[in-house]
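# Structural features, examined
Below, each chain spelled out in residue letters.
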Amino acid sequence: MSLHASNISRHRRRMSSTPFYGTPPPPSSRYNSSQDAKNAPSPNSAQRQQQQLGDARQRQRQHEQQHHNLPPLTPMQRLVTLVHSSLTALNDPTRADAVAAVGEVTGSYALSKMMAGMESDAIGRRILKERPIVDESVALRAMDLLRRRDDKMSGSNVNLRNPINGGRERGMAFGEAYATFLKTHEFDPNERSSVRFISDPNLSYVMTRYRQCHDYWHVLTGLPPTVLGELALKWLELMQTGLPLAALSATGGALGPSGLSSRERDVLWKVYLPWAVRVGGNMRAYSLMCVYYEEELETDLSALRRRMGIEAAPPVEL
């Protein structure tokens, strides 16, 4: 996906070069090579899509039922959770559970504003009504797009591992870039952290959507899921959502013990922060949350960026 729980591995990662802040746990064997996928038996397309839709609806019902049964925290429980989780997250930003807890106990007001912003937008209203979930079915659709692209370009030497360059050079579709991102980093969208401390089912879904869209935003911005890339994305998220979690992540990670080198801190402050302020200021408020990304998988990546007003993050050499 991210200090973000959306956007982490089950084991501790080295912070100098590996992703954190909500990136899902690797590895996932379901994202095999194109050749493996071509050799596997292929069910009827309509049957496969129907099964994926049924699975997604079942996960959505489970998600809603979970939060109907979740009792609200008392003020004292909320305070204790906030203090404990904040200290834990600042001391060890790889603790996705602590980071997620901070976001949930501090984000009610910002989430309410995010939901209001989505309700004022036609696509946002559809998302709130239909409550799409980013899961394996979305990843499989994206992987299928990438396999078809690979088949067409099997004789080409174009590098598809960088969604930014791929999108600029050969008109890579958003779904193809998303599949490349998942496959390159061995991420599984099913393994995002569940919401635990938000009892309101509507706000719970907004938080879930925020977390699950995190990897989409990596693709759109071209930022890698490294410490530096996550912090840069957090600044953009802060401009768009106003979530206290984004503010804690952006400032705490930039100033605290995030593991950034002096060169990386310099890049963050002089390159990525101005970029995030510029792009976030040019975009409509909450527009990151008002895109039905699952319906944009075949849209050209550059075209989707232009429509959303997103400028790809400047490439840097460290």
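Residues numbered from 1 in each chain as written. Predicted model: local features only at pLDDT ≥ 70, side-chain atom pairs only at ≥ 80, totals over all residues. Heavy atoms only, no water.

Regarding its fold elements, the chain presents 15 helices and zero strands. A buried classification covers 52% of the 318 residues belonging to the chain. Surface summary for the chain: the accessible area is close to 14,500 Å², and the carbon and sulfur share equals 51%. (Helix = DSSP H or I, 4+ residues; strand = E, 2+ residues; numbered from the N terminus. Buried < 20%, exposed > 50% of the residue type's maximum accessible area, 1.4 Å probe, protein only. Areas by Shrake-Rupley, 256 points an atom, 1.4 Å probe, with all protein chains shown as cover.)

To continue, consider the environment of alanine 313. Position of alanine 313 among the secondary structure elements: in the segment after helix H15 (301-308). Residue classification places alanine 313 among the buried residues on the basis of a relative accessible area of 2%.

The subject of this paragraph is the confidence of the model for the chain. Within the chain, residue pLDDT values average 74, and 57% of them lie at 70 or more. Looking at the elements of the chain, mean pLDDT is at its lowest for helix H1 (residues 34-39), recorded as 44, and at its highest for helix H6 (residues 122-130), recorded as 97. Per-residue pLDDT stays below 50 along residues 64-69; that stretch engages in nine contacts with residues further than four places along the chain or on separate chains. Per-residue pLDDT stays below 50 along residues 163-169; that stretch engages in 20 contacts with residues further than four places along the chain or on separate chains. (pLDDT = per-residue confidence, 0-100. Contact = heavy atoms within 4.5 Å.)

What follows deals with the packing of helix H11 (residues 214-221) against H15. Orientation of H11 relative to H15, taken along the N-to-C sense of each, is 100°, at an axis distance of 10 Å. Classed by the angle they form, the pair H11 and H15 counts as roughly perpendicular. Residues Val219, Leu220 and Thr221 of H11 lie in contact with H15, whose contacting residues are Leu301, Leu304, Arg305 and Met308. Residues of the contact of H11 with H15, tallied by class, amount to five nonpolar, one polar and one charged. (Axes fitted to C-alpha atoms, helices over the stretch in contact; angles between N-to-C directions. Parallel < 35°, antiparallel > 145°, perpendicular 65-115°, else oblique. Nonpolar A, V, L, I, M, F, W, Y, C, P; charged D, E, K, R; others polar.)

Let's shift gears to unusual backbone geometry. Most peptide bonds adopt trans geometry, and most residues besides glycine take a negative phi value. Of note, arginine 131 is a non-glycine position whose phi angle comes to about 50°, a positive value. The topology assignment puts arginine 131 in the loop between H6 and helix H7 (136-152). By relative accessible area, which is 11% here, arginine 131 ends up buried. A positive phi angle is found at glutamate 186, which is not glycine, with a value near 55°. Turning to its location among the elements, glutamate 186 is positioned in the loop between helix H9 (174-185) and helix H10 (201-212).

By size, the foremost hydrophobic cluster in this structure holds 66 residues, and its most contacted members are Phe174, Tyr216, Trp217, Leu220, Tyr293 and Met308. Setting aside residues no more than four positions away along its own chain, tyrosine 293 makes contact with Phe174, Arg209, Cys213, Tyr216, Trp217, Leu220, Leu288 and Met308. (Core = buried A, V, L, I, M, F, W, Y, C linked by side-chain atoms within 4.5 Å.)

Here we take up the side chain of aspartate 121. In this fold, aspartate 121 is placed in the loop between helix H5 (108-119) and H6. The buried category is assigned to aspartate 121, whose relative accessible area is 14%. One polar contact links the side chain of aspartate 121 to the main-chain amide nitrogen of isoleucine 123, over a distance of 2.9 Å. Not counting chain neighbours up to four residues away, the residues in contact with aspartate 121 comprise Arg284 and Cys290. (Polar contact = N/O pair within 3.5 Å; in protein donor to acceptor, adjacent residues only side chain to side chain.)

Bringing the packing of H5 against H6 into the picture now. Interhelical geometry of H5 versus H6 gives an angle of 115° and a closest axis separation of 6 Å. In contact with Met115, Met118 and Glu119 of H5, H6 contributes Gly124, Arg125, Ile127 and Leu128. Across the contact of H5 with H6, the residue classes tally to four nonpolar, one polar and two charged.

This part takes up the pattern of salt bridges. Going through the model one piece at a time under the given rule, you end up with twelve salt bridges. The salt bridge partner of arginine 284 is aspartate 121, with a shortest N-O separation of 3.7 Å. Here arginine 284 is found in the loop between helix H14 (262-282) and H15, whereas its partner aspartate 121 is found in the loop between H5 and H6, with 163 residues between them in sequence. Between arginine 126 and glutamate 295 there is a salt bridge, with the nearest N and O atoms lying 2.6 Å from each other. On the criterion of sequence distance, the pair formed by arginine 126 in helix H6 and glutamate 295 in the loop between H14 and H15 is long-range, its members being 169 residues apart. On the basis of relative accessible area, glutamate 295 is assigned to the partly exposed category, the value being 46%. Via salt bridges that share partners, Arg126, Glu130 and Glu295 belong to a single interconnected network. (Salt bridge = Lys/Arg side-chain N within 4 Å of Asp/Glu carboxyl O.)

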